Amino acid sequence: MLTLALGPPVYWNMAVNLARSIRRWHSVADLPVYIATDSTLSVPPDLTGVHVIKLRPNELGVGFETKLHLDRLAPAPRTLFIDSDCLVYESLDLTFDLLKGRPVATIGGTIDKGEWFGDVALLCQRLGVPAIPVFNGGIYYIERGETATRLYNRAREMAPHYDEMGLVRLRGQPNEELLMASAMAQHGLSALKDDGTITSDPQSCPGPMSSNILSGRRTLLNPAPPSPLHCARYPFENVSPAIVHFLDDHTHRTPYRTDVARLKMAALKIPDWLGNLIARVTVEWPGRSQILAKKIFRPLYHRIFGMRNIPRSERLP
């Protein structure tokens, strides 16, 4: 298993959380964990056996561009890359079984028109393909070999021409997803159909999330129409994925913070029942109380003080 922790310290901290969640289900011998990083921070004592791949700042590009070099970083014949802002809630054996035999794999669907960081139909025409895979780049699977090397070489070749291809940037940077999707389409590869088994996220399932990483319990809900929370692009109402991707500010929200606290208690060898209690009392309950208070008093706050400025993301360099 491989993850990246580049730039601000928050990425290293999230990578440590991810590694702890994997160790909950896999031993050191069962599934080696690698963190590719430019950080000078040390691996916590409870994560002995986690391997660090040292990189210089911007050695493999800036922002999302780094993911175009996963084939070069892949430490094993079969490598699962997971974004650092994810947590793993069960053994990944089934995930590896489902992805086996694919030179490069993502989780998603297929798209031939509409908008996805640009005009998809126009992009397909320029690429000479009928459709491209559509997916979230939080998960990549790579089997070392000629096909994977050619595909990644092709994605890297297209990177300097990102704007010429009519693609829209993400946070001011080329989005590797479009380049990987283009290269996959040109090599006849599609995404593994997303059924919520391998991964999902709180944006696709914006309903209340219930989880306990110590027991592996996790339920993400996409409320059915006509709920205003319904995510129309996501076809499922209730999923329990192996990997939950806490996109954007969801790492600041109660479900993630509570499960991270549980993992920290486990790292200190605190019994699960006690660690769970401590996490609920110190993180979950105060967090839920704060959310309730905001819902009640936010209109009054805005009337008196106006709208607050959006704080700068700690993920930005």
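Residues numbered from 1 in each chain as written. Predicted model: local features only at pLDDT ≥ 70, side-chain atom pairs only at ≥ 80, totals over all residues. Heavy atoms only, no water.

Q: Would you mind going over the overall build of the protein chain with me for this structure?
A: Within the protein chain, the secondary structure is distributed over 8 helices and 15 strands. Scaling as 2.2 N^0.38, a compact globule of 317 residues should have a C-alpha radius of gyration of about 20 Å, and the protein chain matches this with 20 Å. With the principal axes as the frame, the protein chain shows a C-alpha extent of 55 × 50 × 35 Å. Within the span of the protein chain, comprising 317 residues, buried residues form 48% of the whole. Long-range pairs, those at least 24 residues apart, make up 71% of the contacts in the protein chain with a sequence separation of at least 6. A total of about 15900 Å² of accessible surface is found on the protein chain, and carbon and sulfur atoms cover 56% of it. The distance from the centre of the 36 positive side-chain charges to the centre of the 31 negative ones in the protein chain is 6 Å. (Helix = DSSP H or I, 4+ residues; strand = E, 2+ residues; numbered from the N terminus. Rg over C-alpha atoms; globule rule 2.2 N^0.38 Å. Buried < 20%, exposed > 50% of the residue type's maximum accessible area, 1.4 Å probe, protein only. Contact = heavy atoms within 4.5 Å. Areas by Shrake-Rupley, 256 points an atom, 1.4 Å probe, with all protein chains shown as cover. Lys, Arg positive; Asp, Glu negative; His and termini not counted. Charge placed at Lys NZ, Arg CZ, Asp CG, Glu CD.)

Q: Got a minute to help me understand the sheet that holds strand S10 (residues 192-193) in this structure?
A: Sheet strands line up and pair through hydrogen bonds in the backbone, either parallel or antiparallel. Taken in spatial order, the 3 strands of this open sheet run S8-S7-S10, and their pairing is mixed. Edge positions in the sheet fall to strand S8 (132-135) and S10, since each has one partner strand and no second. With 4 bridges connecting them, strand S7 (residues 107-111) and S8 associate as antiparallel partners. Residue pairing for S8: Gly 109 is matched across the bridge by Val 134. (Pairing = 2+ DSSP bridges.)

Q: When you look at the sheet that holds strand S13 (residues 217-221) in this model, what are you seeing that I'm missing?
A: Pairing is antiparallel in the open sheet, where 3 strands are placed in the order S12-S13-S14. Lying at the two open borders of the sheet, with one neighbouring strand each, are strand S12 (210-212) and strand S14 (238-239).

Q: I would appreciate a short explanation of the packing of helix H1 (residues 9-23) against helix H7 (residues 254-267) in the present structure.
A: To describe two helices that pack against each other, one gives the angle between their axes and the distance between the axes. Orientation of H1 relative to H7, taken along the N-to-C sense of each, is 65 degrees, at an axis distance of 10 Å. Taken together, H1 and H7 sit at an angle that is classed as roughly perpendicular. Crossing hand, H1 versus H7: left-handed. Contacts between H1 and H7 involve Met 14, Asn 17, Arg 20 and Ser 21 from the first element and Tyr 256, Val 260, Leu 263, Lys 264 and Ala 267 from the second. Its residues assigned to classes, the contact of H1 with H7 shows 5 nonpolar, 2 polar and 2 charged. (Axes fitted to C-alpha atoms, helices over the stretch in contact; angles between N-to-C directions. Parallel < 35°, antiparallel > 145°, perpendicular 65-115°, else oblique. Left-handed = near helix turned anticlockwise from the far one by under 90°. Nonpolar A, V, L, I, M, F, W, Y, C, P; charged D, E, K, R; others polar.)

Q: Sorry, what's going on with the packing of aromatic side chains here?
A: Note on aromatic pairs: each is described by the distance of the centres and the angle between the planes. Taken as a whole, this structure holds 6 aromatic pairs when the rule is applied. Measuring from centroid to centroid gives 5.9 Å for Trp 116 and Phe 135, while their planes differ by 70 degrees, and the two rings are edge-to-face. Here Phe 135 lies in strand S8 and Trp 116 lies in the loop between S7 and helix H4 (120-127), a separation of 19 residues in the sequence. Members of the aromatic cluster, each reached through a chain of ring pairs, are Phe 81, Trp 116, Phe 135 and Tyr 140. (Phe/Tyr/Trp six-rings, centres within 6.5 Å; stacked < 30°, edge-to-face > 60°.)

Q: Looking at this structure, how should I read the pairing of strand S4 (residues 78-82)?
A: Working note: regular strand, side chains alternate between the two faces of the sheet. Most of S4 sits inside the fold, with 4 of its 5 residues counted as buried. Bridge count between S4 and strand S9 (residues 139-143): 5 bridges; the pairing is antiparallel. Looking at S9, one finds that Thr 79 is bridged to Ile 142.

Q: Which parts of the structure should I look at to understand helix H5 (residues 146-158)?
A: Every α-helix carries 3.6 residues per turn, so stepping three or four residues along brings you back to the same face. With 13 residues, H5 should cover 18 Å at 1.5 Å per step; its first-to-last C-alpha distance of 19 Å lies within 8% of that length. All of the buried residues along H5 are Ala 148, Leu 151, Tyr 152, Ala 155, Arg 156 and Met 158. The buried residues of H5 occupy an angular sector of 165 degrees when the element is viewed end-on, so they sit on one face. (Expected span 1.5 Å × (residues − 1). Arc of directions from axis to C-beta.)

Q: Looking at this structure, how should I read the side chain of Asn 276?
A: Examined against the element boundaries, Asn 276 turns out to sit in helix H8 (residues 272-305). With sequence-adjacent residues up to four places away left out, Asn 276 is seen in contact with Asn 212, Leu 214 and Arg 262.

Q: Can you walk me through unusual backbone geometry in this structure?
A: Cis rather than trans, the peptide bond between Pro 225 and Pro 226 has omega equal to 10 degrees. In this fold, Pro 226 is placed in the loop between S13 and S14. A positive phi angle is found at Phe 117, which is not glycine, with a value near 55 degrees. Examined against the element boundaries, Phe 117 turns out to sit in the loop between S7 and H4. Of note, Lys 269 is a non-glycine position whose phi angle comes to about 65 degrees, a positive value. You can see Lys 269 is positioned in the loop between H7 and H8.

Q: I tried to follow the nonpolar core on my own but got confused; where do I start?
A: Side chains that are nonpolar tend, in soluble globular proteins, to be buried together. Leu 80, Ile 82, Leu 92, Leu 99 and Ile 243 are the most contacted members of the largest nonpolar core, which totals 46 residues. Where this core is concerned, the elements lending two or more residues are H1, S4, strand S5 (86-88), helix H3 (93-99), S9, strand S15 (243-245) and H7. Here the element with the most residues in this core is H1; it accounts for 9 residues. Excluding its chain neighbours within four sequence positions, the residues that come into contact with Leu 92 are His 26, Leu 31, Leu 80, Ile 82, Ala 242 and Ile 243. Listed in part, the 39 residues of the second largest apolar core include Leu 151, Ala 159, Leu 178 and Met 180. (Core = buried A, V, L, I, M, F, W, Y, C linked by side-chain atoms within 4.5 Å.)

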